[in-house]
Amino acid sequence: MRCRCVCSAAVLLVFFGVAVASPVQGTIAGTRDAEGGLHLQVLHTNDMHSRFEQTSTLFGTCSDADAANNECIGGFGRVATVVRSARAGSVPTLYLDAGDTYQGSIWFIVHRWKIVARFLNLLNPDAMSLGNHEFDQGVTGLIPFIENATFPVLAANLNLTNEPELGATKLAKSTVIDINGTQVGIIGYLTPETKLLATTDNVIFDEEVAAITEEAARLKESGVNILIALGHSGFTMDKTIAAEVEDIDLVVGGHTNTFLFNGTQPDTEVPVGLYPTAITQSSGKIVYVVQAYAYTKYIGNFSVTFDSEGDLTHIEGNPILLDSSVEQAEDVVEELENWRAAINNLTITYVGSSSVLLNGDADVCRRQECNMGNLVTDAMIDYISRQYNGSDGWTDAPIAVMNSGSIRTSIPASTDSQISMADVLTVLPFGNQPIIVAMTGEVLISMLEWSVYYMTGDPNEDAKGAFLQVSGIQVTYDLSQPVYSKVVSVKVRCGNCNIPTYSDLNETETYSVITNDYMYSGGDGFSMLSDLDVKRADDTLADVVAEYLTLRSPVYPAIEWRITFSETDTTEPSVESGASYVTYTITTIILPLLFKMCT
């Protein structure tokens, strides 16, 4: 811990030596470099997911014991400290946020858009792009946030013709910031997948590259020569934008919680590439892409220099780990206390315990079987089976499937403490309800195919929330096969039997499958369910899991080979342009090993 804190503090000291003055009304005071160009410090966050308060290392509740031992991380107080320290320096600083501050903690569940607007206003970003979760409460839940934000909120690829009230807000395609006479344009974008992930009502989504290209050309014509794309579409699309939008200089992204780093990784996150990642356009121009993981654990940080023509001549940096070596801004921490009373009852309502880590990490649950997924789907089975009054077998719904995107975080083993209702709601914050859908085996196979349609076995590919966690299914995938041909075998559990056993799925037989109302409505792309017969439950998934914990604690869900893959993935980590394989090996393999040896 001491070594990590010293390293983190050293990073901050280096960073503070080059950081800057606060922007006022779209203008940042500063000086040009000796050649008449511009030197900037850029800080950025993405996917903060309402971690207003510092969290445990698993992004859940920071316990009193962990706080006393300085083992908690993140929180808006630490983000504020870094941003304000930078802005107090002599080099111009931009602080940018790439969306998804909505959703993810008990604070948002209780306070909704109001707490997001209040605490983002305290951070005062120079610009923010929308994230898909900003649409979780529909257009009506987004409009008041935009209207109360004191900073530009951006998305260039939204057509709001059919949503005139949203179109009448301050939501913009781009913003231009004047830095001592040099104009810097920031263009927002948002993944069209938001249509599948949230409630977008009548918003029309245009393709990102075309929309950014058009807005960049408009800004160029008006004399803006430095352009930053700021958005929420995932690392793959970020790199596509960098490759295909000729006028863009930098891409600051989000959505996939991508961790990029140079040198020895500062904590448990393994970098998927270098920070920044260099992308070479067909013209030879190099555009740089960054993300900063998620949940306020890191804040992205780089310095960049442009010459007098607006061409990027130098860039370097690394994300800053926001651990206990970074002080929390007192005013932010104090402000949070004004919002605490409404959540206190949930944080002291204990529902059970676990003898093992309940792993809800997105990078795990969106790629493979995880024990949090097993817990949730088993709880769904248990909930329905306890209501079953029939005499034929033990339940009328022995199969459950759950999109992994609905699982938001982990819960640590709690043999000496309890799991609170706030913990459960942090894992399952959306208020979704379990439902029973009657479907043929053919439809069930189509769901499983959709679960992995995007997967190739590359560990660096974007993970999606459509990946299914299951109970009552044993499925094998072959990710080397074409899309919609990746399911190798499926066995399903019987319900109308004295002893539950598994047998091959029959495509023409009808099965009662428990899922959630989000998936039934087409969420995460499961459109094959929309016209099927359904029975709805009265409780939320969070209530179902809380009741299961109360009845079954201590729980200890295992990995049970419900989901297997027929081929071992042999894909090497991808190395982006600008970094040799030797450099990648040194920074991601050799240096971490040396670090471990000396600590």
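Note that the structure is a prediction, hence the values are computed from the model and not measured. (Residues numbered from 1 in each chain as written. Predicted model: local features only at pLDDT ≥ 70, side-chain atom pairs only at ≥ 80, totals over all residues. Heavy atoms only, no water.)

Engineer: If you had to explain the nonpolar core to someone new, which residues and values would you point to?
Structural biologist: F135, F145 and L166 are the most contacted members of the largest nonpolar core, which has 86 residues in total. Broken down by element, the residue count for this core peaks at 8 residues, all from helix α14 (residues 371-385). Here this core gathers at least three residues from each of two domains, domain 1 (39-337) and domain 2 (350-565). Once residues within four sequence positions are removed from consideration, L166 is found in contact with F135, V139, L142, I143, I146, L160, L171 and V203. (Core = buried A, V, L, I, M, F, W, Y, C linked by side-chain atoms within 4.5 Å. Buried < 20%, exposed > 50% of the residue type's maximum accessible area, 1.4 Å probe, protein only. Helix = DSSP H or I, 4+ residues; strand = E, 2+ residues; numbered from the N terminus. Domains from an automatic or database assignment. Contact = heavy atoms within 4.5 Å.)

Engineer: I'd like a rundown of the layout of surface pockets, residues and numbers included.
Structural biologist: Approximately 970 Å³ is the volume attributed to the second largest pocket. If you trace the second largest pocket, you find 37 residues lining it, with T61, C62, S63, D64 and D423 closest to the centre. Of all elements in the fold, only α2 (64-68), α4 (106-111), α12 (344-347), β19 (419-420) and α15 (421-427) reach the threshold of two or more residues within the lining of the second largest pocket. Here the lining of the second largest pocket gets 4 residues from one element, more than from any other, and that element is α2. Here the residues of the lining of the second largest pocket are counted per class, giving 13 nonpolar, 17 polar and 7 charged. The residue makeup of the lining of the second largest pocket includes at least three contributed by each of domain 1 (39-337) and domain 2 (350-565). (1 Å grid on protein atoms, 1.4 Å probe; cavity = no way out; pocket = protein on both sides within 12 Å on 5 of 7 lines; lining within 4 Å. Points joined across faces, edges and corners; volume = space filled by probe spheres on them. Nonpolar A, V, L, I, M, F, W, Y, C, P; charged D, E, K, R; others polar.)

Engineer: Explain the side chain of S233 to me, and be specific about the residues and the numbers.
Structural biologist: Along the chain, S233 falls in the loop between β10 (226-232) and α10 (235-244). Here the side chain of S233 touches T191 through a polar contact of 3.0 Å, landing on its backbone nitrogen. Among the polar contacts made by the side chain of S233, one reaches the side chain of E208 at a distance of 2.7 Å. Ignoring sequence-local partners within four residues, the contact set of S233 consists of Y189, L190, T191, E208, G254 and H255. (Polar contact = N/O pair within 3.5 Å; in protein donor to acceptor, adjacent residues only side chain to side chain.)

Engineer: Quick rundown of helix α16 (residues 441-451)? Include the residues and the values.
Structural biologist: Summarising burial for α16: 9 of the 11 residues are buried, a large majority. Every buried residue of α16 is accounted for by G441, V443, L444, I445, M447, L448, E449, W450 and S451.

Engineer: Describe the state of the cysteines, with residues and values.
Structural biologist: Under the criterion given, the structure shown has 3 disulfides. Two residues, C62 and C72, share a disulfide whose sulfurs are 1.9 Å apart. Between C62 and C72 the sulfur-sulfur dihedral comes to about 85 degrees; the bridge is accordingly right-handed. A residue pair is termed long-range when its members are at least 10 positions apart, and C62 in the loop between β2 (38-45) and α2 and C72 in the loop between α2 and α3 (76-87) qualify at 10 residues. Taking relative accessible area as the criterion, C72 reaches 2% and is therefore assigned buried. Shown here is the disulfide that connects C365 with C370, its sulfur atoms set 2.1 Å apart. (Disulfide = S-S within 2.5 Å.)

Engineer: Tell me about the pattern of salt bridges, and name the residues and values.
Structural biologist: Counting across every chain of the model gives 18 salt bridges. For D363, the salt bridge goes to R367, with nearest N and O atoms at 2.9 Å. Among the salt bridges present, the one from R386 reaches E547, with a minimum N-O distance of 3.3 Å. With R386 in the loop between α14 and β18 (399-403) and E547 in helix α18 (residues 541-552), the pair connects residues that are 161 residues apart, well separated along the chain. Through salt bridges with shared partners, a single network forms among D382, R386, E547 and R552. (Salt bridge = Lys/Arg side-chain N within 4 Å of Asp/Glu carboxyl O.)

Engineer: Explain the sheet that holds strand β22 (residues 473-477) to me, using residue names and the numbers behind them.
Structural biologist: The sheet built from 4 strands is open, its strands ordered β24-β23-β22-β27 with mixed pairing. Of all the strands in the sheet, the pair left with one neighbour each is β24 (502-504) and β27 (563-565). Direction aside, the axes of adjacent strands within the sheet are offset by 20 degrees on average. With 3 bridges joining them, β22 and β27 adopt parallel strand pairing. Across the sheet, V475 pairs through a bridge with I563, a residue of β27. Packing of α16 onto the sheet brings it into contact with β22 and β23 (487-493), and relative to β23 it is tilted by some 125 degrees. (Pairing = 2+ DSSP bridges. Axes fitted to C-alpha atoms, helices over the stretch in contact; angles between N-to-C directions.)

Engineer: Hey, could you go over the confidence of the model for the chain for me, with residue numbers and the actual values?
Structural biologist: Residues at a pLDDT of 70 or more form 88% of the chain, whose mean pLDDT is 90. Contacts of residues 1-25 to residues separated by more than four positions or lying in other chains number 57 contacts, the stretch itself having pLDDT below 50. For residues 568-599, every residue scores under 50 in pLDDT, and the model assigns this stretch 44 contacts once sequence neighbours within four places are set aside. (pLDDT = per-residue confidence, 0-100.)

Engineer: Please give an account of empty space enclosed by the protein that cites residues and values.
Structural biologist: By the definition in use, this model includes 2 cavities of 30 Å³ or more. Here the largest cavity defines a volume of roughly 50 Å³. For the lining of the largest cavity, the per-class residue count stands at 5 nonpolar, 3 polar and no charged. As a volume, the second largest cavity reaches approximately 40 Å³. Lining the second largest cavity, in full, are L358, M372, L375, I411, V424, V427, L428, V545 and L549. At the level of elements, α14, α15 and α18 are the ones that each hand at least two residues to the lining of the second largest cavity. For the lining of the second largest cavity, the class distribution of residues is 9 nonpolar, no polar and no charged.

Engineer: How would you explain the sheet that holds β18 if you had to name every residue and give the values?
Structural biologist: Taken in spatial order, the 5 strands line up as β21-β18-β25-β20-β26 in an open sheet, and their pairing is mixed. Because the sheet does not close on itself, it has two edges, and the strands there are β21 (468-471) and β26 (534-536). Within this sheet the neighbouring strands show an average axis-to-axis angle of 25 degrees, counted without direction. For strand β20 (residues 434-440) and β26, the ladder comprises 3 bridges, and the chain directions are antiparallel. Looking at β26, one finds that I435 is bridged to R536. Along the sheet face, α16 touches β18, β20, β21 and β25 (510-516) and points at about 115 degrees away from the line of β20.

Engineer: I'd love a proper account of the packing of aromatic side chains, names of residues and values included.
Structural biologist: In the structure shown here, the tally under the stated rule is 19 aromatic pairs. For the ring pair F59 and Y295, a centre distance of 4.6 Å and an interplane angle of 40 degrees mean the geometry is tilted. With a gap of 236 residues between them, F59 in the loop between β2 and α2 and Y295 in the loop between β13 (286-290) and β14 (298-306) connect regions that are remote in the sequence. For the pair shown, F59 and Y295 are each scored as buried. Among the aromatic residues, ring-to-ring pairing joins F59, F259, F261, Y293, Y295 and Y298 into one connected group. Directly above the ring of Y454 sits K464, whose terminal nitrogen or CZ lies 5.9 Å from the centroid. (Phe/Tyr/Trp six-rings, centres within 6.5 Å; stacked < 30°, edge-to-face > 60°. Lys NZ or Arg CZ within 6 Å of the ring centre and 35° of its normal.)

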